[in-house]
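# Commentary on secondary and tertiary structure
Here is how the chains run, residue by residue.
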Amino acid sequence: MIPVLQWTTLAVCGLVAIARIPSALRGENRSVFGIFVLSTLAVLLSIDVSYKVIDAWLGSQNYANLLLRFLIYGTVLLAGYRIAKAFDAATSIRLITGPAGRAALAVTGVATVVLFLLADTAGSATGLSGLPLRSPENASLICWYAAAGRLYPAFVAVCILPATFLAIRRRLPWAIRAGAVLLTVAFAALAAGSLFPLIPPEANYLRAVINYTAVLSLALGLAFVWISSLMAKRARSSP
């Protein structure tokens, strides 16, 4: 099930990114194109086969995982801002781009790098699962590193969820409301990432399900919002 979800998510993100190339070349909503490019790269780095190939190029020290973390931060930042702007959510925009948002991003970024450098991460392991524990201290560092990686996505999710949820009930075109539903699911899944430590080891597959549900719902939600904008343009241009 997980491989199907992984490759489906990669295909959706990649195809939408390709479909957005013409409008990006015209200078239209390039940040949205950037979201899909970053999402595609992030999903690629979360798949075992491609992760190990890329990490081998980087020295087999799991630097690919560190790169993945920052791809996720960039995706979440761009997506949160663009979605808040699309739904005219001034409070969400202020939280994401204001002092609180900048502080959350800075703290998360610094903590991610410091904890990664302090930990012994030798040996490629997708998601850092299966690495030898080596010592209780090293295991704790890796756990804290993983926790730091969930901090900023959860922050942006909490900021944007009210805007997407309220948009579902507003009198808007069906495509925007469908997009709002999917985006609500996406950010709810991102927020749920902060609860990963509560998932028992025998149900670890739920982490992958939640992560890919977030990415897939985000991609499809943005695609529906884009479709709605295309429909609006056609309606204005038709005689």
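Please refer to the structure placed before this passage.
Residues numbered from 1 in each chain as written. Predicted model: local features only at pLDDT ≥ 70, side-chain atom pairs only at ≥ 80, totals over all residues. Heavy atoms only, no water.

Of all hydrophobic cores here, the largest spans 39 residues; its most connected members are I83 and L218. The set of elements that each furnish at least two residues to this core consists of α1 (2–19), α3 (30–46), α5 (63–86), α8 (136–169), α9 (174–192) and α10 (205–237). If you tally residues by element for this core, the top one is α8, at 7 residues. Judged by nonpolar contacts, the second largest core, of 10 residues, contains A119, A125, L128 and A148. (Core = buried A, V, L, I, M, F, W, Y, C linked by side-chain atoms within 4.5 Å. Buried < 20%, exposed > 50% of the residue type's maximum accessible area, 1.4 Å probe, protein only. Helix = DSSP H or I, 4+ residues; strand = E, 2+ residues; numbered from the N terminus.)

Glancing now at the layout of surface pockets. Empty space within the largest pocket amounts to approximately 1500 Å³. If you list the elements that add at least two residues to the lining of the largest pocket, you get α1, α3, α5, α8, α9 and α10. Looking at the lining of the largest pocket residue by residue, the classes come out as 33 nonpolar, 13 polar and 3 charged. As a volume, the second largest pocket reaches approximately 340 Å³. N29, R82, A86, V225 and W226 are the residues nearest the centre of the second largest pocket, which is lined by 18 residues in total. Secondary structure elements with two or more residues in the lining of the second largest pocket: α5, α9 and α10. Here the element with the most residues in the lining of the second largest pocket is α10; it accounts for 5 residues. Classifying every residue of the lining of the second largest pocket by side-chain character gives 10 nonpolar, 3 polar and 5 charged. (1 Å grid on protein atoms, 1.4 Å probe; cavity = no way out; pocket = protein on both sides within 12 Å on 5 of 7 lines; lining within 4 Å. Points joined across faces, edges and corners; volume = space filled by probe spheres on them. Nonpolar A, V, L, I, M, F, W, Y, C, P; charged D, E, K, R; others polar.)

Further remarks concern the packing of α5 against α8. In contact at an axis separation of 10 Å, α5 and α8 are set at 10 degrees when each is read in the N-to-C sense. What the angle tells us is that α5 and α8 run roughly parallel. Across the interface between the two elements, N65, L66, R69, I72, Y73, V76, L77, G80, I83 and A84 of α5 pack against Y145, A146, A148, G149, Y152, P153, V156, I160 and T164 of α8. (Axes fitted to C-alpha atoms, helices over the stretch in contact; angles between N-to-C directions. Parallel < 35°, antiparallel > 145°, perpendicular 65-115°, else oblique. Contact = heavy atoms within 4.5 Å.)

Before going further, it helps to spend a moment on the packing of helix α4 (residues 48–57) against α5. Relative to each other, α4 and α5 sit at 110 degrees, their axes nearing to 8 Å. Comparing their axes, α5 and α4 come out roughly perpendicular. Across from Y51, I54 and D55 in α4, the residues of α5 making contact are Y63, A64 and N65. Along the lines of polarity and charge, the residues of the contact of α4 with α5 split into 4 nonpolar, 1 polar and 1 charged.

On to the packing of aromatic side chains, then. Going through the model one piece at a time under the given rule, you end up with 6 aromatic pairs. Measuring from ring centre to ring centre gives 5.3 Å for Y63 and F116, while their planes differ by 50 degrees; the resulting arrangement is tilted. Of this pair, Y63 sits in helix α5 while F116 sits in helix α7 (residues 99–118), and the two are 53 residues apart along the sequence. Relative to F155, the ring of Y152 lies with its centre 6.2 Å away and its plane at 25 degrees, an arrangement referred to as stacked. With Y152 and F155 both in helix α8 and 3 residues apart, the pair spans about one turn of that helix. Of the residues examined, Y152 reaches a relative accessible area of 0% and is grouped as buried. Take F155: its relative accessible area is 22%, and that puts it in the partly exposed class. When the ring centre of W226 is taken as reference, the NZ or CZ atom of R20 above it lies at 4.8 Å. (Phe/Tyr/Trp six-rings, centres within 6.5 Å; stacked < 30°, edge-to-face > 60°. Lys NZ or Arg CZ within 6 Å of the ring centre and 35° of its normal.)

This next bit is on α8. For α8, which comprises 34 residues, the first-to-last C-alpha distance of 49 Å matches the rise-based estimate of 50 Å (1.5 Å per residue) to within 8%. Of all bends in α8, the biggest is about 40 degrees, found at I160, and the proline P162 comes one to four residues later. (Expected span 1.5 Å × (residues − 1). Bend = angle between axes of the 7 residues up to and from the residue.)

This part is about a nonpolar patch on the surface. Taken together, the side chains of V49, V53, W57, L58, Y63, L67, F70, V113 and L117 define a hydrophobic patch exposed on the protein surface, amounting to about 880 Å² of accessible area. Sorting the residues of the nonpolar patch by element identifies α4, α5 and α7 as the ones contributing at least two each. Since its relative accessible area comes to 56%, L117 is described here as exposed. (Patch = residues over 30% accessible without salt bridge, like charges linked within 9 Å, V, L, I, M, F, W, Y side chains within 5 Å. Areas by Shrake-Rupley, 256 points an atom, 1.4 Å probe, with all protein chains shown as cover. Salt bridge = Lys/Arg side-chain N within 4 Å of Asp/Glu carboxyl O.)

Looking now at unusual backbone geometry. Note: most peptide bonds trans; most residues except glycine with negative phi. Positive phi, normally seen in glycine, also occurs at S60, with a value near 55 degrees. Position of S60 relative to the elements: it lies in the loop between α4 and α5. Assessed through its relative accessible area of 29%, S60 is described here as partly exposed. The phi torsion at N62 lies on the positive side, around 65 degrees, for a residue other than glycine.

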